[in-house]
Amino acid sequence: MDNSLPPADELVLVDRELAQLDARRSQLLARRAWLIRVLHAPAASAALPPRPPVADSTPRGAQNVLLTLGGTLLTIAAIAFTLVSWGSMGIGGRAAVLSAVTAAALVAPVALLRRSLVSTAEAVAALGMVLMVLDAYALHRVALPETDGLGYAAVAAAVLAAAWTAYGSALSRLRVPLPVAVVAGQLPLPLGVLAAGGGSTAFAWAALLTAAADGAVVLWARPAPVRITAVTGAVALGGWALLTGGLLSLTSPWDGAPLLLAGAAVTLYLAWRRPSLAVAASAVAGLAAVTAVGGLLRAVVPADWAVPGYVLCGLAAASVWWLRAGTAGTTSASTPEAGTRPGGSTADASGARLPAGVRLGLACAGAATAALGVVWALPPVAAGLLGPLARTTEVWSGEHAEHASAWYPGTAALVLAVTAAALASLPRLWARCGALALVWALLTALPVSLGLPFAATLALQLLTSAAALCIAVRPGPATRGLRTTAAPGGRSGAPGTDSGPGAPTPPVTAPSAAPSGPSADGPSAPPAGGPGAPWPGWAPVRPRTQAPVAAPGTVLGWSAYAGGLASAVSAVALSLDVRVATFLALGVVLGLCSAVAVLGVDARRVVSACGAVLTATGLVFAVAAAGGFEDHWTALGLLLVPAATAALGARAPRPVALAIEITGGAVGLLALGIAASRPAFLALALALGGVIAAATAVRPERRRFAAWTAAALFLSATWVRLAVWDVTTPEAYTLPVTVPALVVGFLRRRRDPEASSWTAYGPGLAATLLPSLFAAWTDPEWVRPLVLGVAALVVTLLGARFRLQALLVLGGTVLALDGLHELAPYVVQAVGALPRWLPPALAGLLLLAVGATYEQRLRDARRLRDRVARMR
């Protein structure tokens, strides 16, 4: 079967392929030319042609400045004429002048607008409005001098606002009259109330009505300057009204509540109609409503229940977020308006009755009120947690200090309980963490709020610690009910990590083209579509890295763990009042920390293991105090802790083993410090510590550090024991140790030439040289320093001859210190005989010499360091 194309079709196909090859060749050549330009760009770019000078101002700006100055000067002249020259003219002249000038200033913008002189018309119109204010002032001075000033000003402001509104509506191209009319409209009602002698409540109502009128302007006016001016006036006057209502709710709730509720209704309606202001306006409305209702409750309930009343109102306002009812309506889904509500909220088959912005604002207001209530309830929590740490009684005295916040209202616990219940009902991770923290705070505050006795308080604190640590180990039950969201890439995310109901899903966008402008990574690429533009295959797309999100169990576990540790510390501090309670609390805490160290995960195991070691140390102290042991016996008992940690470290996982061994070592240092007052027991403690370190050195991963530590402890124990025995000739005890040690080291080096000289000869040499050096510094005779110096010199020479680092360093150090000890008296005598100016002069010369040859000396020091480091 012949599958070849007809000649005509094959010719078309060949031509098409050739055209594609030519296009690809053009792209490659353009890319090559661009790359060559980038690689061989000249060092200095060609000088740019001079630019023409930039004008300091535009013609439009200059025109506006001139018109503003002209209008200002005319306004000043009109004011001066009205206030100064008014009395030199008769009534006819006055009326004629003001009427003529005002009419001319108001009519002239009509003709100017026809000639498209908008800015000039604006300036003349502004002058005309100023003249109208002067006309009103002149009318009051001439025709109505007996009229009350505030009342006349209120009426005049209303008339001027109406006139300027009509004027601005007739000449819609003018931008000044309508905003100025809005400003004038802020004055009539407040000035009228002041003229009528109304109090602060009446003035607040007037301000609220004016703010409501401003809100209507915001909703129905179209020009942006008018809306901005109205919003400013509404915020100022409405804020004043709400603040007045808030103050009245504290002193006279039945007078402040209607004002606050009216303000909340106006603000909520504005939030409903304006989605851009929905969150802020509804939050203000929610706060006003909560303040009003809470003030009414405060008036009828006892004083201790005032804050719980506010918190309940706040939680009721926050619950509005979950209100869902009704359907989306009968609007067809095919129309653009289908499924939408006023205010921009979208409704589905079970759509939200309130817009999302309104619900969010109300929820924020309620949450803020509840948060303030929680802050009010925190003092009993602080007293219950930190009170035992501020001890005012003797340890094991049996006396119990009173709680610092015993006078605080007991309803604080109710606030914590109600808020915790509200948060626990939300399927969100942050809410579950907050509920967990509030439950812990409630259990901590209950002994203070209820005045529980000592035994009940200690039991409750231990139970709180146990419960919190159980949740830290097994946080599964605490994560039940949390919502699960879809992770990027279609995978199921962790529960409780969504942002909230109705949270928008981020759109998936295609990878954009590589930027064509200059970047920090190199020169700019040619513009897209131009010569040399890289095709999409050449534009690398960097993968978007997302921050790792912690699992809900981890977050809740750490939250519970922090509370459990805090309660454990507080319980131990509280138990110091009674001896039996101390042992009970330390035992329970030791068991809890050990359980978490075994069953827990991540860093909680390490922290719990260290806590168990510290608790065991506390038990040792408690046993020693109960038995009346002296300090040196207590120090020996403390060595049981590092011994136990060394034994457990061999079986524990690596991070836990290292942590408990470091903590046990710190306890061992504490034991040595306590035993330092009795040298004999100090020597015994050092020897026991050496035994523990030597046992630890059996483990391969601890051999190097533990072996050196054991050697140092044994050597220190020997020195301390010799000092206790008042030995004046330590060589009699050290040489029998040094000689066999050096023989063993020599045999080790013969069998393993790569062995370090510090391992082979270091312990043996140090066992004799260092005690002899200490003895030589306190020996008034000359024999010991001489013999020690000769021995140190021999050791140094042997180290230099056989390139042994330990011999060179130990011998040189001992030789230098021994020589310094012998020469010190003569140096002191020589310095005393020299003139006082000579030592500073010699020091200056030495510094100059060192500075002049600093680089050479630095190189010599580095060379010496390298040579010593290359030794064995």
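Residues numbered from 1 in each chain as written. Predicted model: local features only at pLDDT ≥ 70, side-chain atom pairs only at ≥ 80, totals over all residues. Heavy atoms only, no water.

Considering the overall build of the chain
Short version of the rule: Comment: elements are numbered from the N terminus, with helices defined as DSSP H or I runs of at least four residues and strands as E runs of at least two. Buried residues are those whose accessible area, probed at 1.4 Å on protein chains only, stays under 20% of the maximum for their type, while exposed residues exceed 50% and partly exposed ones sit between those limits. Any two residues whose heavy atoms approach within 4.5 Å are treated as being in contact. The Shrake-Rupley method, run with a 1.4 Å probe, gives the accessible areas here. Residue values count only the displayed protein chains as cover.
Scanning the chain from N- to C-terminus turns up 32 helices and 2 strands. Considering the chain as a whole, with its 872 residues, one finds that 36% of them fall into the buried category. Across the chain, contacts joining residues at least 24 apart in sequence account for 68% of those joining residues at least 6 apart. Of the accessible surface of the chain, which amounts to about 50,000 Å², a share of 70% is contributed by carbon and sulfur atoms.

Brief notes about the pattern of salt bridges
Put simply, the test is: The salt bridge criterion pairs a side-chain nitrogen of Lys or Arg with a carboxyl oxygen of Asp or Glu, the two atoms within 4 Å.
Applying the stated criterion across every chain, the model contains 8 salt bridges. Here E630 makes a salt bridge to R678, at a shortest N to O gap of 3.9 Å. Of this pair, E630 sits in the loop between α20 (602-627) and α21 (631-638) while R678 is found in the loop between α23 (654-675) and α24 (679-696), placing the two residues 48 residues apart along the sequence. Residue classification places R678 among the partly exposed positions, given a relative accessible area of 39%. Among the salt bridges present, the one from D779 reaches R784, with a minimum N-O distance of 3.1 Å. Note on accessibility: D779 and R784 belong to one class, buried. Ionic contacts of the salt-bridge type, sharing partners, join the residues E661, R699, E701 and R702 into one network.

Looking at a nonpolar patch on the surface
Just so we agree on the cut-off: The residues that make up patches have over 30% relative accessible area and no salt bridge, and they are joined within 9 Å when like-charged or within 5 Å when they are Val, Leu, Ile, Met, Phe, Trp or Tyr.
Together, W254, L261, V293, L297, V300, V301, W305 and L414 make up an exposed nonpolar region whose accessible area comes to about 720 Å². Those elements that place two or more of their residues in the nonpolar patch are α10 (253-273) and α11 (278-300). Top contributing element to the nonpolar patch by residue count: α11, with 3 residues. For L414, the position within the fold is in helix α15 (residues 411-424). A relative accessible area of 34% means that L414 is categorised as partly exposed.

A word on the environment of W708
Within the secondary structure layout, W708 lies in helix α25 (residues 703-724). Counting along the chain gives 18 residues from W708 to G690, while the straight-line C-alpha distance between them is 9.7 Å.

Some thoughts on the packing of aromatic side chains
In plain terms, the rule: Stacked, edge-to-face and tilted are the three classes for Phe, Tyr and Trp ring pairs, Trp counted by its six-membered ring, which pair at centre distances within 6.5 Å; planes under 30 degrees apart are stacked, over 60 edge-to-face, the rest tilted. Throughout this description, the term charge over a ring refers to an Arg CZ or Lys NZ atom that lies within 6 Å of the ring centre and within 35 degrees of the ring normal.
Scanning all chains against the criterion turns up 7 aromatic pairs. On the numbers, 5.4 Å between centres and 40° between planes, the contact of W376 with Y408 is tilted. Here W376 is found in helix α13 (residues 356-376), whereas its partner Y408 is found in the loop between α14 (378-386) and α15, with 32 residues between them in sequence. Within the aromatic cluster, the residues linked to one another by ring pairs are W376, W407 and Y408. The ring of W321 is capped by R359, whose NZ or CZ atom sits 4.7 Å from the centre of that ring. Seen from the ring of F802, R801 lies directly overhead, with NZ or CZ sitting 5.2 Å from the centre.

Some remarks on the nonpolar core
Using the following cut-off: The nonpolar core is taken to be a set of buried Ala, Val, Leu, Ile, Met, Phe, Trp, Tyr and Cys residues, with the residues joined through side-chain atoms within 4.5 Å.
Core analysis: the biggest nonpolar cluster contains 25 residues, and A685 and L686 have the highest contact counts within it. Of all the secondary structure elements, the ones that give two or more residues to this core are α20, α21, α23, α24 and α25. Those residues in contact with A685 that sit more than four places away from it in its chain are L636, L639, L672 and A675.

Regarding the environment of L171
Here L171 shows up in the loop between α5 (149-170) and α6 (177-185). In sequence terms L171 and V110 are 61 residues apart; their C-alpha atoms lie 7.6 Å from each other. With residues near it in sequence (within four places) discarded, L171 still touches P109, V110 and L113.

Thoughts on α6
By the burial criterion, the buried members of α6 are P177, P179, A181, V182 and A184. For α6, the secondary structure elements touched by its buried residues are α4 (118-142), α5, α7 (188-195), α8 (200-220) and α9 (224-251).

Let's talk about the environment of S756
You can see S756 is positioned in the loop between α26 (731-751) and α27 (757-760). Residue S756 is classed as partly exposed on the basis of its relative accessible area of 29%. Considered as a pair, S756 and L804 are 48 residues apart in the sequence and their alpha carbons are 8.4 Å apart.

A short note on the confidence of the model for the chain
Put simply, the test is: Confidence of the predictor at the level of single residues is given by pLDDT, which spans 0 to 100.
Taken as a whole, the chain shows an average pLDDT of 81; of its residues, 81% reach a score of 70 or greater. Within the model, the stretch residues 43-49 combines pLDDT values under 50 with 0 contacts to residues more than four positions away or in other chains. Note on residues 486-543: pLDDT under 50 across the span, and 64 contacts to partners over four residues away in sequence or across chains.

What about the packing of α8 against α10?
For clarity, the threshold we go by: To obtain each axis, a line is fitted to C-alpha atoms, and for helices this fit is confined to the stretch in contact; angles are then taken between N-to-C directions over 0 to 180 degrees. An angle below 35 degrees is treated as roughly parallel, one above 145 as roughly antiparallel, one from 65 to 115 as roughly perpendicular, and anything else as oblique. Lys, Arg, Asp and Glu make up the charged group, whereas Ala, Val, Leu, Ile, Met, Phe, Trp, Tyr, Cys and Pro make up the nonpolar group; the residues left over, Gly among them, are polar.
Axis separation between α8 and α10 bottoms out at 10 Å; the angle between their running directions is 5°. Between α8 and α10, the angle is such that the two are roughly parallel. Contacts between α8 and α10 involve A204, W205, L208, A212, G215, V218, L219 and W220 from the former and P258, L259, A262, G263, V266, Y269, L270 and R273 from the latter. Grouping the constituent residues of the contact of α8 with α10 by class yields 13 nonpolar, 2 polar and 1 charged.

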